[in-house]
Amino acid sequence: MEIKKTSLNKLHQTNNAKFVEFAGYEMPIQYNKGIIEEHKFTRSHSGIFDVSHMGQLFIYGDHNLTEELEKIFPLDLKNLKQNSSKYSFLMNEEAGIYDDLIITKIEKGYLIILNAACKDKDFEILSNILGNKFKMNLDNNKSLIALQGPKSVEILNSIINGVDQLNFMTGKWFDSDNQKLFVTRSGYTGEDGFEISISNDGAEKFVQNLIEKGAQLTGLGARDTLRLEAGLCLYGHELDINKTPVEANLKWAISKSRLSNGGFIGSEKIMNQMQNGANQIRVGIKPEGRLIAREKTKIFNDVDTQIGEITSGTFGPSVNGPIAMGYVDKDFSKVDTKILLEVRGKKYPANICALPFYKKNYAKGVN
Amino acid sequence: MSEVKFSKEHEWITLEGDVATIGITKHATEMLGDIVFAELPEKGTNVEKDGTAGVVESTKAASDVYTPVSGEVVDTNQAIVDDPSKINEDPEGSAWFFKLKMKDQSEMDSLMNKEEYDKFAKESAS
């Protein structure tokens, strides 16, 4: 299959991107300055991320749509205000995660942001459940740009007046340069920031404008170190079809009002795990010293029994040390539990630690 | 000190008496990106030509470091273990990896000179 390119591909090339294939797309992993510089610039200024490979699914319908979506997502969508966003999951009957997503209530419907590798399958699953009662559009004519970091609000507001009034996890349509843009105050780096949905035709000019205002292109490499420092899950690593939201320690994302009556796909398993606990749970892990423990590293207790596995691990530039996330048996999931990591045939000490590794710096209106 | 020689695994090597100093090339560091971890062989161990003799890790991935010649490890550069970013800053100078007491100096003969290596690196990168 031919590799897909986003509308910003040429701009990435002009800026000397190093490309990798990600979910069938040619995406920039880094630019000239490298992952650590890009990471730090996002934490101190403002990083621009091309996330156009992600799916933008618009679903339109009447009040029945909300009812139908509540049978799928563990959210209180009836009481979700228009323009508000929630983090959620698409699950199977066993509460295994097909995808994690952000859903925003918009006029006459919902916008759901899906992972690139999952979006086509998600669309198929949702189409099968919803039938043809609602208008569904996985919009390939739109690009998605994330702008993340403390200077993002100032920069974006100088281009799209009014975005500074958005609370965290809300979004709405704006007009700018004769275009309709959907802007949400959100992101996946642990910083204040925005995600901007814009037509493919207008994306390059828009990003050029952001660069002129002082933001800097940032690749997927830094996106990964940023999200890991912020303790955020990446689908295919922390999350997959064999993990449930309870195991992934994402209970907070399940609306309390839905836990008593269930009625969503996977609700029985979720309610059971909420009561009885899960056997394995996602935790933060800090190796001692500088050792980096990557995905699939085996985790042991002090009597040499394997108790889990790392799902993501790298060097955290802002933490200035190695960090990881993984799943361990619940008995070993307490903060400060001493564990051992097997790297290149040797075992090294590490500690279970609280998430996030890097403290969030979100805008007003958090939770 | 001898002329700098290079291996296909992107190590450089110089020889002074029978002691070789080995590190990774600038080209290697550019391919790896920001280096955040280095592991070196222990002093006193014997390493074999083309065998692994360390590890470097970038934010993205781990890579083995090979030794282009055989010998006994007589010194290692603790400074790059303590601050691996030094490897990106001065890979072919102060950020050497280890020193070997060579057994067979003829092993140097099969390695590339600078001109040959630059050509090799350029071709292998494309």
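Not measured: the values here are computed from a predicted model.

Scanning chain A from N- to C-terminus turns up nine helices and 19 strands. What you see for chain A is a C-alpha radius of gyration of 20 Å, in line with the 21 Å of a compact globule of 367 residues. Counting only C-alpha atoms, chain A reaches 65 × 50 × 45 Å along its principal axes. Looking at chain A as a whole, 47% of its 367 residues are labelled buried.

All names here are of chain A. For Phe73, the location among the structural elements is in the loop between helix H3 (63–70) and strand S5 (85–91). Expressed as a C-alpha distance, the spacing of Phe73 and Leu181, which sit 108 residues apart in the sequence, is 26 Å. Those residues in contact with Phe73 that sit more than four places away from it in its chain are Ser88, Ile103 and Phe264.

Residue and element names in this part refer to chain A. Entries for chain A in the domain assignment read domain 1 (9–53 + 140–229) and domain 2 (279–353). On the domain 2 side, the residues contacting the eight residues of domain 1 number eight residues. Elements represented by at least two residues in the side of domain 1 that touches domain 2 include exactly helix H2 (35–44) and helix H7 (220–229). In terms of residue class, the side of domain 1 that touches domain 2 is built from two nonpolar, two polar and four charged.

The biggest cluster of nonpolar side chains holds 119 residues, and the ones touching the most others in it are Ile112, Ile145 and Leu147 of chain A. Here this core spans two domains, and each of domain 1 (9–53 + 140–229) and domain 2 (279–353) of chain A adds at least three residues to it.

Attention now moves to the packing of H2 of chain A against H7 of chain A. Residue and element names in this part refer to chain A. The contact between H2 and H7 brings their axes to 8 Å, and the two run at 55 degrees. When the interaxial angle is binned, H2 and H7 end up oblique. Remark: the crossing between H2 and H7 carries right-handed chirality. Of the residues in H7, those touching H2 at Ile35, Glu38, His39 and Thr42 are Gly221, Ala222, Thr225 and Leu226. For the contact of H2 with H7, the residue count by class is three nonpolar, four polar and one charged.

The subject of this paragraph is the sheet that holds strand S7 (residues 62–66) of chain B. Residue and element names in this part refer to chain B. Strands sit in the order S4-S6-S7 across an open sheet of three strands; the sheet is antiparallel. Looking at strand neighbours, the two that pair on one side only are strand S4 (35–39) and S7, the edges of this open sheet. With direction set aside, neighbouring strand axes in the sheet form an average angle of 25 degrees. Of the pairings in the sheet, the one linking strand S6 (residues 52–58) to S7 comprises four bridges and is antiparallel in character. Looking at the pairing, Val55 lines up with Asp64 of S7.

What follows concerns the pairing of strand S10 (residues 171–176) of chain A. Residue and element names in this part refer to chain A. When S10 meets strand S11 (residues 179–184), the two strands line up antiparallel, connected through six bridges. Bridged to Trp173 within S11 is Phe182. Following S10, the chain reverses through two residues before pairing antiparallel with S11; Asp177 in that reversal takes a positive phi of roughly 55 degrees.

Moving on, we come to the sheet that holds strand S16 (residues 306–316) of chain A. Residues and elements named next belong to chain A. With antiparallel pairing, the six strands of this closed barrel are ordered in space as S14-S17-S16-S15-S18-S19. Strand-to-strand, the axes of this sheet are offset by a mean angle of 45 degrees, without reference to chain direction. By the bridge criterion, eight bridges tie S16 to strand S17 (residues 321–329) in an arrangement that is antiparallel. When the bridges of S17 are listed, Ser312 appears paired with Met325. Against the sheet, H7 touches S16 and S17, its axis set at about 125 degrees to S16.

Analysis parameters
- Residues numbered from 1 in each chain as written.
- Chains lettered and ligands numbered in written order.
- Predicted model: local features only at pLDDT ≥ 70, side-chain atom pairs only at ≥ 80, totals over all residues.
- Helix = DSSP H or I, 4+ residues; strand = E, 2+ residues; numbered from the N terminus.
- Rg over C-alpha atoms; globule rule 2.2 N^0.38 Å.
- Buried ≥ 20, exposed ≤ 12 C-beta atoms within 10 Å, placed from the backbone.
- Contact = placed C-beta atoms within 7 Å.
- Domains from an automatic or database assignment.
- Nonpolar A, V, L, I, M, F, W, Y, C, P; charged D, E, K, R; others polar.
- Core = buried A, V, L, I, M, F, W, Y, C linked by C-beta atoms within 7 Å.
- Axes fitted to C-alpha atoms, helices over the stretch in contact; angles between N-to-C directions.
- Parallel < 35°, antiparallel > 145°, perpendicular 65-115°, else oblique.
- Left-handed = near helix turned anticlockwise from the far one by under 90°.
- Pairing = 2+ DSSP bridges.

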